[in-house]
Amino acid sequence: MRGRVTFVVVAASLICGTASADPVAAGDIVRLSLYGSNGTALARFADGGPFRMDLAGTAFDFLTFCLERDEYFIPNENLLVGSVTESAQNGGVNTNSGDRISGTTAFIYTMFRMGTIGYTNGVLLQEAIWHLEGERTASAAVQAFVQAAAADMVRWDWGANYLGGVQVANMYRGANYTTFAQDMLVITRVPEPGRVLMVGLGQLLASRGM
């Protein structure tokens, strides 16, 4: 019995992952790069993420994704965070006065950052995010993934925990930071650890027919 209990605890802790609130605020200078913190190349969508965001002068870094299809940046250039909001404020195929991110986008990004099984494929997540935000038409496989993620969100009753917990860093580039740059996802509030553990335990027991 001890072996089974140990297995359950380990699996639940893997679902918890290591997500934490990102130290990003309006006025910060950040850089986006194409590589992981260990110097190895990441699996990336052709013109999307995941990307690594670094704050100038700090050791903090994390992975993030593009929200828009027609704004850009140069890897490792300085970018100004103009604001951190619930919406993409600037350009984008489906952005007008402000394009609030969907609850499912917030959910799958948090799951990715936590290393949750089924949500670790960065290429799949980038395409899913663009689909959810109305930036491009997705393949049948991506649409199926989005539907499954939405079902997870409802089944786990986590909507209130994620909406507002993931926001958008609206960024600017250029010599005077006056040109709109690609907007990126950031985590501003972390789900309650106890709730995550309970959900992880429940999912594990369900999968084992217990």
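Everything below is about the structure shown above.
Conventions and cut-offs
- Residues numbered from 1 in each chain as written.
- Predicted model: local features only at pLDDT ≥ 70, side-chain atom pairs only at ≥ 80, totals over all residues.
- Heavy atoms only, no water.
- Helix = DSSP H or I, 4+ residues; strand = E, 2+ residues; numbered from the N terminus.
- Contact = heavy atoms within 4.5 Å.
- Areas by Shrake-Rupley, 256 points an atom, 1.4 Å probe, with all protein chains shown as cover.
- Buried < 20%, exposed > 50% of the residue type's maximum accessible area, 1.4 Å probe, protein only.
- Polar contact = N/O pair within 3.5 Å; in protein donor to acceptor, adjacent residues only side chain to side chain.
- Core = buried A, V, L, I, M, F, W, Y, C linked by side-chain atoms within 4.5 Å.

Trainee: What should I look at first to understand the overall build of the protein chain in this one?
Mentor: Of the regular secondary structure elements, the protein chain holds six helices and nine strands. Restricting the contact set of the protein chain to residue pairs at least 6 apart, pairs at least 24 apart contribute 69%. For the protein chain, the exposed area adds up to about 10100 Å²; of that, 56% sits on carbon and sulfur atoms.

Trainee: Got a minute to help me understand helix α3 (residues 122-132) in this structure?
Mentor: Counting along an α-helix, one turn takes 3.6 residues, and residues three or four places apart therefore face a common direction. Within α3 the residues assigned to the buried category are Gly-122, Leu-125, Gln-126, Glu-127, Ala-128, Ile-129 and Trp-130. Residues of α3 that are buried in the fold lie against α2 (103-114), α4 (140-156) and β9 (184-187). N-cap assignment for α3: the residue whose side-chain oxygen lies 3.1 Å from the backbone N of Val-123 is Asn-121. Directly after α3, the chain includes Gly-134, whose backbone phi takes a positive value near 75 degrees.

Trainee: Even after reading the chapter, I still don't get the environment of Gln-182, so can you show me in this structure?
Mentor: Within the secondary structure layout, Gln-182 lies in the loop between β8 (179-180) and β9. For Gln-182, a relative accessible area of 2% corresponds to the buried category. Placed eleven residues apart in sequence, Gln-182 and Met-171 show a C-alpha to C-alpha distance of 6.4 Å. Once you skip the residues sitting within four places of it in the chain, Gln-182 turns out to touch Cys-66, Leu-67, Glu-68, Glu-71, Tyr-72, Phe-73, Ala-169 and Met-171. Of note is the side chain of Gln-182, whose polar atom sits 3.3 Å from the backbone nitrogen of Leu-67. Only 2.9 Å separates the side chain of Gln-182 from the backbone oxygen of Glu-68, close enough to count as a polar contact.

Trainee: Which parts of the structure should I look at to understand the environment of Gln-147?
Mentor: Structurally, Gln-147 is set in helix α4. Take Gln-147: its relative accessible area is 56%, and that puts it in the exposed class. The sequence separation of Gln-147 and Thr-104 amounts to 43 residues, and the corresponding C-alpha distance is 9.3 Å.

Trainee: Where do I start with the nonpolar core in this structure?
Mentor: In this structure, Met-53, Phe-107, Ile-108, Met-171, Met-184 and Leu-185 are the most contacted members of the largest nonpolar core, which totals 44 residues. Elements with a minimum of two residues in this core: β1 (29-33), β2 (51-55), β4 (79-85), α2, α3, α4, β7 (166-173) and β9. Per element, the largest residue contribution to this core is seven residues, and it comes from α2. Leu-185 has contacts with Phe-62, Thr-64, Phe-65, Leu-67, Ile-101, Thr-105, Tyr-109, Ile-129, Val-166 and Gln-167, leaving out every residue within four places of it along the chain.

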